[in-house]
Amino acid sequence: DAGVTQSPTHLIKTRGQHVTLRCSPISGHKSVSWYQQVLGQGPQFIFQYYEKEERGRGNFPDRFSARQFPNYSSELNVNALLLGDSALYLCASSFWGSTGELFFGEGSRLTVL
Amino acid sequence: EDQVTQSPEALRLQEGESSSLNCSYTVSGLRGLFWYRQDPGKGPEFLFTLYSAGEEKEKERLKATLTKKESFLHITAPKPEDSATYLCAVRSETSGSRLTFGEGTQLTVNP
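Described below are features of the structure shown in this document. Residue positions are counted from 1 within each chain, in the order its sequence is given. For this description, chains carry letters from A and ligands carry numbers from 1, given in the order in which they are written. Confidence filtering applies because this is a predicted model: local features only for residues at pLDDT of at least 70, side-chain atom pairs given and counted only at 80 or more, and all residues used for totals across whole chains, interfaces and linings. Processing note: side-chain calculations cover all non-hydrogen atoms of the structure and skip hydrogens and water entirely.

Focus on the side chain of serine 93 of chain A
Residue and element names in this part refer to chain A.
- Helix and strand definitions here come from DSSP, where helices need a minimum of 4 consecutive H or I residues and strands a minimum of 2 consecutive E residues; each element is numbered from the N-terminal end. Position of serine 93 among the secondary structure elements: in strand E9 (residues 87-94).
- Given a relative accessible area of 0%, serine 93 falls into the buried group.
- What makes two residues a contact is simply this: any of their non-hydrogen atoms within 4.5 Å. Other than its neighbours up to four places away in sequence, serine 93 contacts Val4, Pro25, Ile26, His29, Ser31, Glu101, Leu102 and Phe103. Each residue is placed in one exposure class: buried if its accessible area under a 1.4 Å probe, protein chains only, is under 20% of its type's maximum, exposed if it is over 50%, and partly exposed if it falls in between.

Okay, structure coming up:
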């Protein structure tokens, strides 16, 4: 069975640009969460969507936004990129919205120059 | 606010040398403590979930235990392929579905 898939795997942007990251959850999973992991630190929660509705938002600026589509895939958008946005962006899926394990994809490595 | 502290930050073992990693947590009503393994440049791989004090789970050379304040990940007779960063995370009654992660313990097992 396919796990969580994310694209692109690597990308390089310059300050001020916009980026869109994509995630397909495990088949049958209805919840998608996004985490940011800066090198050497643990992942930090950005958003959670369940059944296409936002169910949680972390302490990130409004430049970060996300949505979930009818097929449960998701996009994370970041506007006006800053150098500090350079990180590994992780998508995780779970069957339930508020319980159970999260299963992570391999991540999208974003470098902002 | 949920807090997770992992120790040590880094641990170097010889193959076969057993040891333990620590995860101390502060939450308002624990609804799950999670252990993940992360290889460099990869996403975290789920290992265990523990829900209540006294609970234990095992997988190959790994055993996770839970008390009311901390969790331990015991590694018995480790092999070089066990080298990775081990992450601990908690979910609480006030956090919804979000996980709060510690900064991880980087384990290196030398042959």
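More follows now that the structure is in view.
Quick look at the pattern of salt bridges
Residue and element names in this part refer to chain B.
- Any carboxyl oxygen of Asp or Glu that lies within 4 Å of a side-chain nitrogen of Lys or Arg is treated as forming a salt bridge with it. As enumerated under the stated definition, the model contains 9 salt bridges over all chains in all.
- Across the pair aspartate 39 and arginine 37 runs a salt bridge, and its minimum N-O distance is 3.0 Å.
- Judged by its relative accessible area of 26%, aspartate 39 falls in the partly exposed class.
- Here lysine 57 ties to glutamate 55 by a salt bridge, and the two come within 3.9 Å at their closest N and O atoms.

Notes on the packing of aromatic side chains
- Any two rings among Phe, Tyr and Trp, with Trp reduced to its six-membered ring, count as a pair given centres within 6.5 Å; such a pair is stacked if its planes are under 30 degrees apart, edge-to-face if over 60, and tilted if neither. Under the criterion given, the structure shown has 10 aromatic pairs over all chains.
- The rings of Tyr35, Phe45, Phe103 and Phe104 of chain A together with Tyr36, Phe46 and Phe101 of chain B are connected pair by pair, giving a single aromatic cluster.

Quick notes on the pairing of strand E2 (residues 10-14) of chain B
Residue and element names in this part refer to chain B.
- By the alternation rule, side chains of E2 split into Leu11 and Leu13, which are all buried, and Ala10, Arg12 and Gln14, of which none is buried.
- Bridge count between E2 and strand E11 (residues 105-110): 5 bridges; the pairing is parallel. Each residue of the ladder has a partner; that of arginine 12, found in E11, is threonine 108. When DSSP locates at least two bridges between a pair of strands, those strands are taken to pair.

Quick notes on the side chain of aspartate 82 of chain B
Residues and elements named next belong to chain B.
- Inspection of the secondary structure puts aspartate 82 in the loop between strand E8 (70-75) and strand E9 (84-92).
- Taking relative accessible area as the criterion, aspartate 82 reaches 7% and is therefore assigned buried.
- What aspartate 82 contacts, discounting residues up to four positions off in sequence, is Arg37, Arg61, Leu107 and Val109.

A short note on the interface of chain A and chain B
- With 22 residues of chain A at the contact, the number on the chain B side is 20 residues.
- Reported buried area values correspond to the accessible surface (1.4 Å probe) lost by two parts on association, with both partners' losses combined. Around 1600 Å² of area is buried between chain A and chain B when both sides are counted, 50% of it from carbon and sulfur atoms.
- The largest per-residue losses of area from chain A upon contact with chain B belong to Glu101, Phe104 and Glu106 of chain A, which jointly make up 26% of the total buried on that side.
- Applying the counting criterion to the chain A and chain B interface returns 0 salt bridges.

With respect to the sheet that holds strand E3 (residues 19-26) of chain B
Residues and elements named next belong to chain B.
- With respect to topology, 5 strands assemble into an open sheet ordered E1-E3-E8-E7-E6, the strand pairing being antiparallel. Two strands lie at the open edges of the sheet, namely strand E1 (3-7) and strand E6 (56-59), each paired on one side alone. Each strand of the sheet is rotated relative to its neighbour by a mean of 15 degrees, with strand direction disregarded.
- Pairing between E6 and strand E7 (residues 62-66): 4 bridges, direction antiparallel. The residue bridging lysine 57 from the neighbouring strand is alanine 64, located in E7. With axes taken as lines fitted to C-alpha atoms, and helix axes fitted only over the stretch in contact, angles between N-to-C directions fall between 0 and 180 degrees.

Observations concerning the state of the cysteines
- When the sulfur atoms of two cysteines come within 2.5 Å, that pair is taken as a disulfide. Overall, the coordinates contain 2 disulfides over all chains when judged by the stated rule.
- In this model, cysteine 23 of chain A is linked to cysteine 91 of chain A through a disulfide, with the two sulfur atoms separated by 1.8 Å. Between cysteine 23 of chain A and cysteine 91 of chain A, the S-S torsion sits near -65 degrees, and that sign places the bridge as left-handed. Taken together, the residues span a long stretch of sequence, with cysteine 23 of chain A in strand E3 (residues 19-24) and cysteine 91 of chain A in strand E9 at a distance of 68 residues. We note that cysteine 23 of chain A, like cysteine 91 of chain A, is buried.
- Shown here is the disulfide that connects cysteine 23 of chain B with cysteine 88 of chain B, its sulfur atoms set 1.9 Å apart. What sets the handedness of the cysteine 23 of chain B and cysteine 88 of chain B disulfide is the S-S torsion sign, and at about -60 degrees it is left-handed.

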